[in-house]
Amino acid sequence: MSTKRSQFIISSSAILCLLLSASAAAQSARDYVYIVGSSTVYPFATIVAERFGRGSEFKTPKIESTGSGGGLKLFCDGVGVDFPDVANSSRAIKQSEVDSCARNGVTEIIEVKIGYDGIVFANALQSTPLTLSRRDIFLALAKQVPENADGLLIDNPFVTWADVNPALPATKIEVLGPPPTSGTRDAFVELVMEGGCKTVPWIKALKNSDSNSYKAICHTIREDGAFVEAGENDNLIVQKLQANPSAFGIFGFSFLDQNKEKVKGAEIDGVAPTFDAIADGDYPVSRPLFFYVKKAHVDVIPGLRGFLREFTSERAWGEEGYLADRGLIPMPDNERAVVASNVRELKPLSLASH
Amino acid sequence: MGAKRTRERTTLQKVEAGLKRRRRKELIFKLSGEIATGVGILFLVLFFAILLNKGSSAFQQTYLQLDIEFSAEVIAPGGQLDLQYADFDGIVRAALQKELPEISGRSERRELYRLASVGAAYQVHDVIAENPGLLGTTQSIWVPASADVDMLVKGNIDAAVDEALRTLSDQQIDWINRLDEAGRLDLKFNSALFSNGDSREPELAGIKGAMMGSFFMLAVTIALSFPIGVAAAIYLEEFAPRNSWSDLVEVNINNLAAVPSIVFGLLGLAVFINWMALPRSAPLVGGLVLTLLTLPVIIIASRAAIKAVPPSIRQAALGLGASKTQVVFHHVLPLAMPGMLTGAIIGMSRALGESAPLLMIGMIAFVVDVPGSFTDPSTALPVQIYLWADSPERAFAERTSAAIIVLLAFLLLMNLAAVIIRRRMERKW
C-alpha cells in the first residue's frame, strides 16, 4: 500500500517544515521577558514575575533556573530576542564576564541589587543550640588546618566539635552542605571559611604574598566524610537534619524561615540568624543578591520596563513588601532609593567599579 | 542378564537417592523467586502508600466563604467597568474585615489579610468579568484561603508548638477557628491543581501548564519517532543486505538504547538550539530530543515484531506474485502492527517520565502561562515535580506528591494500553 508509505513521507516533511518555520518565527519576535540565572534568586524573581504577569497586560516572564554562572554566560552571548533580557545572580558580575559580554556586543548592563540573603548553619530543633565562631567552622571543615603558629599545615585531625574548641560538645562533626556548583557554597566558603581562616595571622599574611596558596588553604573543604555534599535541594537537607540530630546543614535563610519548627540556626560569632540581624548587617554570613539587565532590550522587549518597575517597587522589595514575606532581606531605605533611581534612569554599570 | 539387572537397579537407586535433594533444590529456587517478587511488591506498595499518604491531601484545598461586595464605586468609577485597575485586593480585604469586625490596628489587619490567598482577588476579578450584572450586589463567594491556613486545616502546622516556631500566630489561629465555627471555612476539591499553570503561591499552583507541555512534546515525539522508527525497522529487517555495514548499524542502535538520557539533552542543546537556533524551553525542541531518545526503543521493538511474522506468509505472498513492497505493506506490516504499537507506547511512556535531557534545553523554567503551541515556553510534568520539590514553602511538599501521582497515573494508563493492544491484537501462529 503506497498510501501508507506516502503518509510517512508527508508527515515527516510536514514536521521539517514546522521546524524551519518555528525557528524563523522565534527569531522575529518575543512578547515575554526572558530571565535566566541563580537558583537562589529564582524564588524571589518568580514571585515578582507572577505578580507582574497577573497585574499587567503583558505576558508573565519566563524564568530559567540555570545557576549564576550559567545564567551570566547565556546573558552575555549577545543582544537580540534569542538572548535573555535579565540574568539573576547571587554574586556580583565578574570582570571576566563583563569582558565576555562586551565581546558579544552587550556593552550596557544595568546592575540591580535587590537585597540580602543570609546563609545559616542549622541543626534539628531538638538538638542542643550551638554558638560557633567562624574560626570554629573553618577548623572543623577545612581540608588542612594550621598545626601551630609558624606556618605548618596538617590534614584535618578533628573528629568532634570538642576537638575544635573545648567549649563545644563532644559530638561528631557532620555537616551537610551544597555542592561546589552552587552559589550558596561559594558564598559559604568566602564568608565563613575565609572569615575563620583569616583569624590565623600567618595565613592572613599570605593573602598578599601568595594569594594562590592562601585561597587553597582557606577555600578547600575536607573530603573525609565530615562534610557531605547533599545536593542542591535544601528541603532534603532539612529532612536529613530532622533524622540526624547531631548533623548540621548549610542553606539559605528562606528555608530556615519556612521550617522554623523543624530546624534552628546556630549563632555565628554570637549573632543568631534572624531577619533583623541579617537586615542590620550584624549577622556575619549574608550576601547581596543581584540581577543584571541589558539596556539595549529595554523598551524593545514588551514588559521589560514594567518588570523592572515592579521589582523595584516598595510593595515588592520594601521593608514590608511581599519579597520580605518570602525571606528576602531588604536593603536599608536609602540604598533602595539609590538603586531604584538608577533603574529608573537606566544607569549602566561602570566598568571601573569592577 | 544378571549384570544388566544390577545396573538397572543402581540407576533407579541413584535416581531415588538424588530425588530428595533435587526436590529440595527446586523448592529453594521457587521460594527464593517468590521472596524476590515479594520484596519487589512490598517496596512498590510502600512507595505508593507513602506517596498517597503525602499527596492525596493536595487534591483538596481550603476555601473561605466571603460576602464580596461588588461596589460600583470601586469597580466601575464613573459608570464604566474598569477591570484592570480596580482594587480587587481592597474588596477582598473589606470582606474579611466584615467577617471579624472587631479587628483594628494596622499590624493586626495585615495579619488578618494574610488568611486569604492573593488568588482571591483574581477570582473576584474573574467573577465580575464573567457576569457584569453583579455590579452593585453583594455575593457570597468561596475564595481560596492562603497556603498557611490550608496547612493548618490539614494538620501540617501544629497549633500546639510555640508561637515563634510556626508561620501562623496564636491570634491568626484563633481567627481561623472562629471562621471555621461559623461555617466559613471548608475543604473543597482543588480544581486549581488541574486548571492553572505554575505559581509561586502553592494554593494557586497547578500542573495544567506542565501537562500541556508534556502533551505537545509527546505529540512531536510520536509524529517523528513512530514513522522513522518503523521505516528503519522495515528497511533493516526486510530490505537491507546482511553485511558488516548492517551489523554496524545494528550494534549502534542497540548501543543508543543504552546511552544515558542526559547525553541526548546535550546533543539537543548543541544541534537544535545552538546550531538550528530553535527557541529554548520550547516543547518542539523537547519533543525532538525525546524523539532521539525513543527511536532506538521503537526500532528494536518494531524489528522484533517484524521478525515474529512467520516466513511462510511472505513466501505465500511472493508465490502469488506479489512484489517485495507489496509483501511488506500488505501482509507483514499489518501483522506486525500490534507489536510495533506496543513498542511505541512503551517508548512514549519512557519519554513522558524523562527529565534529565530536558534540563539541558532550558525546560527547568518558571512558566505561568499555559502553553498553547509548540514554540511557547513550557515545562513538562517531571520537571515541574523537580521544581516544586525544591520550593521552600511547606505546602509545595504535598503538591509535589500529587504531581507524582498524576504522572504515575498517566504512565499506568499508557502501559495498560500497551498490554491491552497486545492482548487484543496479538496473533498466534
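Keep in mind it's a predicted model, so treat the numbers as computed, not measured. (Residues numbered from 1 in each chain as written. Chains lettered and ligands numbered in written order. Predicted model: local features only at pLDDT ≥ 70, side-chain atom pairs only at ≥ 80, totals over all residues. Heavy atoms only, no water.)

1. Observations regarding the overall build of chain A
Step number 1: When helices and strands are tallied, chain A shows 16 helices and 13 strands.
Step number 2: If you take every contact in chain A between residues at least 6 apart in sequence, the share linking residues at least 24 apart comes to 71%.
Step number 3: For chain A, the computed accessible surface area is about 14900 Å², with 54% contributed by carbon and sulfur atoms. (Helix = DSSP H or I, 4+ residues; strand = E, 2+ residues; numbered from the N terminus. Contact = heavy atoms within 4.5 Å. Areas by Shrake-Rupley, 256 points an atom, 1.4 Å probe, with all protein chains shown as cover.)

2. Considering the domain arrangement of chain B
All names here are of chain B.
Step number 1: Here chain B is described as being made up of domain 1 (2-56), domain 2 (58-197) and domain 3 (208-425).
Step number 2: Of note, the centres of domain 2 and domain 3, computed from C-alpha atoms alone, are 45 Å apart.
Step number 3: There are 2 salt bridges connecting domain 2 and domain 3.
Step number 4: Note that Glu 398 is salt-bridged to Lys 154, the shortest N-O span being 2.8 Å.
Step number 5: At the junction of domain 2 with domain 3, the criterion picks out 3 residue pairs in polar contact (both at pLDDT 80 or more).
Step number 6: Where the side of domain 2 that touches domain 3 is concerned, the elements lending two or more residues are α6 (147-153) and α8 (192-195).
Step number 7: Looking at the side of domain 2 that touches domain 3 residue by residue, the class counts come to 6 nonpolar, 6 polar and 2 charged. (Domains from an automatic or database assignment. Salt bridge = Lys/Arg side-chain N within 4 Å of Asp/Glu carboxyl O. Polar contact = N/O pair within 3.5 Å; in protein donor to acceptor, adjacent residues only side chain to side chain. Nonpolar A, V, L, I, M, F, W, Y, C, P; charged D, E, K, R; others polar.)

3. Examining the state of the cysteines
A covalent bond bridging the sulfur atoms of two cysteines is what the word disulfide describes.
All names here are of chain A.
Step number 1: Summed over all chains, the structure comprises 2 disulfides over all chains.
Step number 2: The partner cysteine of Cys 76 in its disulfide is Cys 101, sulfur to sulfur 2.0 Å. Residues Cys 76 and Cys 101 are joined by a disulfide whose S-S torsion is about -75°; by sign, that bridge is left-handed. With Cys 76 in the loop between α3 (68-75) and β3 (86-89) and Cys 101 in helix α4 (residues 95-103), the pair connects residues that are 25 residues apart, well separated along the chain. (Disulfide = S-S within 2.5 Å.)

4. Comments concerning the domain arrangement of chain A
All names here are of chain A.
Step number 1: Examined at the domain level, chain A breaks down into domain 1 (30-116 + 288-344) and domain 2 (118-287).
Step number 2: Opposite the 14 residues of domain 1 that make contact, domain 2 presents 12 residues.
Step number 3: A buried area of about 980 Å², summed over both sides, lies between domain 1 and domain 2, and 58% of it is on carbon and sulfur atoms.
Step number 4: Counting across the interface, domain 1 meets domain 2 through 0 residue pairs in polar contact (both at pLDDT 80 or more).
Step number 5: Of all the elements in the fold, those that place two or more residues in the side of domain 1 that touches domain 2 are β4 (109-124), β13 (286-294) and α15 (322-325).
Step number 6: Looking at the side of domain 1 that touches domain 2, its residues break down into 7 nonpolar, 5 polar and 2 charged. (Buried area = accessible area lost by both parts, 1.4 Å probe.)

5. Some points on empty space enclosed by the protein
Step number 1: Going through the model one piece at a time under the given rule, you end up with 2 cavities of 30 Å³ or more.
Step number 2: There is about 60 Å³ of room inside the largest cavity.
Step number 3: Lining the largest cavity are Tyr 42 of chain A together with Asp 198, Ser 199, Arg 200, Phe 366, Leu 387, Trp 388, Ser 391 and Phe 396 of chain B.
Step number 4: The residue makeup of the lining of the largest cavity, split by class, is 5 nonpolar, 2 polar and 2 charged.
Step number 5: Along its surface, the second largest cavity is lined by Leu 236, Ala 240, Arg 242, Ser 246, Glu 250 and Arg 303 of chain B.
Step number 6: When grouped by side-chain class, the residues that make up the lining of the second largest cavity number 2 nonpolar, 1 polar and 3 charged. (1 Å grid on protein atoms, 1.4 Å probe; cavity = no way out; pocket = protein on both sides within 12 Å on 5 of 7 lines; lining within 4 Å. Points joined across faces, edges and corners; volume = space filled by probe spheres on them.)

6. So, the interface of chain B and chain A
Step number 1: Taken together, the contact pairs 46 residues of chain B with 48 residues of chain A.
Step number 2: Taken together, both faces of the contact between chain B and chain A bury some 4400 Å²; the carbon and sulfur share is 55%.
Step number 3: Of all residues in chain B, Phe 366, Pro 392 and Arg 394 of chain B bury the most surface against chain A, accounting for 15% of the area lost on that side.
Step number 4: Along the contact surface separating chain B from chain A lie 6 salt bridges.

7. Observations regarding the packing of helix α13 (residues 311-319) of chain B against helix α14 (residues 324-352) of chain B
In a pair of packed helices, the angle between the axes and the distance between the axes together describe the arrangement.
All names here are of chain B.
Step number 1: Closest axis-to-axis distance for the α13/α14 pair is 10 Å, and the angle between their directions is 155°. Here α13 is positioned roughly antiparallel relative to α14, judged by the angle of their axes. In terms of crossing hand, the pair formed by α13 and α14 is right-handed. Two secondary-structure elements touch here, α13 through Ile 313, Arg 314, Ala 317 and Leu 318 and α14 through Val 327, His 331, Val 332 and Leu 335.
Step number 2: Each residue belonging to the contact of α13 with α14 can be placed in one class, and the counts come to 6 nonpolar, 1 polar and 1 charged. (Axes fitted to C-alpha atoms, helices over the stretch in contact; angles between N-to-C directions. Parallel < 35°, antiparallel > 145°, perpendicular 65-115°, else oblique. Left-handed = near helix turned anticlockwise from the far one by under 90°.)

8. Points about the nonpolar core
Here is a general trend for soluble globular proteins: nonpolar side chains tend to be buried in one another's company.
Step number 1: With 140 residues, the main nonpolar core has Phe 121, Leu 141, Phe 188, Phe 251 and Leu 323 of chain A as its most contacted residues.
Step number 2: Take this core: its biggest share by element is 10 residues, from helix α17 (residues 395-425) of chain B.
Step number 3: In contact with Phe 188 of chain A, not counting residues within four places along its chain, are Ile 119, Phe 121, Ile 137, Leu 141, Met 193, Ile 221 and Ile 250 of chain A.
Step number 4: With 36 residues, the next largest nonpolar core counts Ile 75, Leu 112, Ile 128 and Leu 185 of chain B among its residues. (Core = buried A, V, L, I, M, F, W, Y, C linked by side-chain atoms within 4.5 Å. Buried < 20%, exposed > 50% of the residue type's maximum accessible area, 1.4 Å probe, protein only.)

9. Re the confidence of the model for chain A
Residues and elements named next belong to chain A.
Step number 1: Per-chain confidence: chain A averages 84 in pLDDT, with 90% of residues scoring 70 or above.
Step number 2: Confidence, read as mean pLDDT per element, is least for helix α1 (residues 2-28) in chain A (52) and greatest for β3 (94).
Step number 3: Segment residues 23-27 is flagged for pLDDT under 50; beyond a separation of four residues in sequence, or across chains, it makes 9 contacts in the model. (pLDDT = per-residue confidence, 0-100.)

10. Observations regarding the sheet that holds strand β2 (residues 138-144) of chain B
Whenever strands of a sheet pair, they do so through backbone hydrogen bonds, lying parallel or antiparallel.
Residues and elements named next belong to chain B.
Step number 1: Here 3 strands make up an open sheet; going across it, the order is β2-β1-β3 and the pairing antiparallel. Where the open sheet ends on each side, the last strands, each with one partner, are β2 and β3 (185-189). Strand-to-strand twist in this sheet, taken as the mean axis angle between neighbours without regard to direction, amounts to 40°.
Step number 2: In the sheet, strand β1 (residues 60-69) pairs with β2 via 7 bridges, with the strands oriented antiparallel. Bridge pairing in β2 links Tyr 63 to Pro 144.
Step number 3: Helix α3 (residues 88-99) rests against β1 and β2 of the sheet, and its axis sits at about 90° to β1. (Pairing = 2+ DSSP bridges.)

11. Observations concerning a negative patch on the surface
Residue and element names in this part refer to chain B.
Step number 1: On the surface, a cluster of negative charge is made up of Asp 174, Asp 180, Glu 181 and Asp 186.
Step number 2: Ranked by residues supplied to the negative patch, first place goes to helix α7 (residues 170-181) with 3 residues.
Step number 3: Looking at where Asp 186 falls in the secondary structure, it is placed in strand β3. (Patch = residues over 30% accessible without salt bridge, like charges linked within 9 Å, V, L, I, M, F, W, Y side chains within 5 Å. Lys, Arg positive; Asp, Glu negative; His and termini not counted. Charge placed at Lys NZ, Arg CZ, Asp CG, Glu CD.)

12. Some words on the packing of aromatic side chains
Step number 1: Per the counting criterion, the structure on display carries 17 aromatic pairs over all chains.
Step number 2: Taken together, a centroid distance of 5.0 Å and an interplanar angle of 65° make the contact between Phe 216 of chain B and Phe 374 of chain B edge-to-face. Taken together, the residues span a long stretch of sequence, with Phe 216 of chain B in helix α9 (residues 208-239) and Phe 374 of chain B in the loop between β4 (365-366) and α16 (381-389) at a distance of 158 residues.
Step number 3: Exposure remark for Phe 216 of chain B: the relative accessible area of 10% places this residue in the buried category.
Step number 4: Using a relative accessible area of 27% as the deciding quantity, one classes Phe 374 of chain B as partly exposed.
Step number 5: Aromatic ring contacts, followed pair by pair, group Phe 52, Phe 58, Phe 291, Phe 307 and Phe 311 of chain A into a single cluster.
Step number 6: Against the face of Tyr 322 of chain A rests Arg 51 of chain A, its NZ or CZ located 4.2 Å from the ring centre.
Step number 7: The side chain of Lys 294 of chain A reaches across the aromatic face of Phe 75 of chain A, ending 4.8 Å from its centre. (Phe/Tyr/Trp six-rings, centres within 6.5 Å; stacked < 30°, edge-to-face > 60°. Lys NZ or Arg CZ within 6 Å of the ring centre and 35° of its normal.)

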